[in-house]
Amino acid sequence: MRRFVVRGMGLVLPLLASIPGVAAQEETVIPDDPTPPCTIEFIPAGPELSGGVAGVLADAWPSLVAEIELLPDGRITMAESFSDRFFVASPDGSGGRWVGRAGEGPGEYSFVRWAKPAGERLHVFDPMLMRRTVLDAATLDVVRTNRLEPIHFRGDAVVLDDSSYVINGAMYTEERAGYVLHLFDGAGEVVRSFDEIPIVMPGEEPIRGGWRILEPARAGGAWSAWRSEYRIDLWNPASGVLRRSLVRNAPWFLPHNDWGGEWHPERPDNPVIADIMEDSEDRLWVVVLVASDRWSECWVREPPSAHPEAPEYTPRAGCPRFERRIEVLDPEAGRVLAAKTLPLNFGLLRLAAGKAFSVVEEEFGPATVRQWRPALRPANNSQGRSLAC
């Protein structure tokens, strides 16, 4: 599909989709704004959660937290990196418990990649067993399980209802190769594949990456944020129709092929979208990882290796390679409402259901999770007057 990009605030362009019979979409180009009308605040929304809270043993608390979600009753789920279980914590700090164990039976897992709440259910995705397990969100009892069509998991998944969900990944079949979003039914079979990444010959335009961050849209459908460019698409998964796209015209985030080339202290990684959230006012909160000022310090030179793909440099543990920039977008007005670069020690990991969670991890020991309520406040202009958000 040919895209026409015109610079200007709130400019909306009608585009024809590349799939025959698909309705026209809209592309909104959002420019930089040196004086956005709002500022971002993080208001404490509960006690710090860690292995030291009452009722939880220090050695039974999560350490390497990879994902955080919010259950309907306010409890918090935490999935570790490459673990066969996940943790459910009380937001008041009164305790928590592990859910799951190693195995292949009901309530058993090999690798809990995502634990996604939707209504009265919690959907646990296991890429090793290629299986989804549906739990009662209140009791955490197993309701049912289903196998998944073989898929290589990538960035994210979103549950649309009790029997419909989208997984971002790759399927290596003739009819589905090149598509990066796949709509599954309750039996674990693919109903539709969409968001095709065109295959090009060497020397042609670069192939954009297939990694997506997903978020349910309040008006229906799903938001899909790219990692390789500042682009957020709104899809109707049932029909595979791309309803609209938001493209952020930011000179500090040029399109690229995912993370970039070989690691080197003189070549900072490209910026990537790490998380998105739609709030109750239909605004989009976007978290972007950008190379920090300390990037060049964060590398260890490895001894020479005979292996042709061995890296010359590897990341130094604990060094802040990235800083997190958070922006709030107004999709309808086509503008940036607020932007903020967070302190390196803030540790923002997840925006979910109107809350934010930051994680501080020691090299050895349990993680500390901090709970926040993100909010917008009117900014003051140069004359000291408050501007409306």
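Up top is the structure.
Computed from a predicted structure; not experimentally measured.

A. Examining the state of the cysteines more closely. In total, this model carries one disulfide according to the counting rule given. Note on cysteine connectivity: C298 is disulfide-linked to C319, with sulfurs 2.0 Å apart. One quick way to see it: the torsion about the S-S bond of C298 and C319 is about -65°, and its sign makes the bridge left-handed. Of this pair, C298 sits in the loop between strand 23 (284-291) and strand 24 (299-301) while C319 is found in the loop between strand 25 (313-315) and strand 26 (322-330), placing the two residues 21 residues apart along the sequence.

B. Local environment of the pattern of salt bridges. By the definition in use, this model includes 23 salt bridges. Linking E69 and K116 is a salt bridge whose minimum nitrogen-to-oxygen distance equals 3.2 Å. With a gap of 47 residues between them, E69 in strand 4 (residues 65-70) and K116 in strand 10 (residues 114-118) connect regions that are remote in the sequence. The class for E69 is buried, based on a relative accessible area of 5%. The salt bridge partner of R231 is E229, with a shortest N-O separation of 3.2 Å. Each member of the pair R231 and E229 is classed as buried. Connected via shared salt-bridge partners are E67, E69, K116, D156, D275 and R350.

Cut-offs and rules
- Counting restarts for each chain: residues are numbered from 1 in the order of the written sequence.
- In view of the model being predicted, local features appear only for residues whose pLDDT reaches at least 70, and side-chain atom pairs are presented and counted only at 80 or more, with totals across whole chains, interfaces and linings using the full set of residues.
- Side-chain metrics rest on all non-hydrogen atoms present in the structure, leaving aside hydrogens and water.
- Note on terminology: disulfide denotes any pair of cysteine sulfur atoms within 2.5 Å.
- Secondary structure elements follow DSSP: runs of H or I no shorter than four residues count as helices, runs of E no shorter than two count as strands, and numbering proceeds from the N terminus.
- When a carboxyl oxygen of Asp or Glu is within 4 Å of a side-chain nitrogen of Lys or Arg, the pair counts as a salt bridge.
- Throughout this description, buried means an accessible area under 20% of the type-specific maximum (1.4 Å probe, protein chains only), exposed means over 50%, and partly exposed covers the range between.

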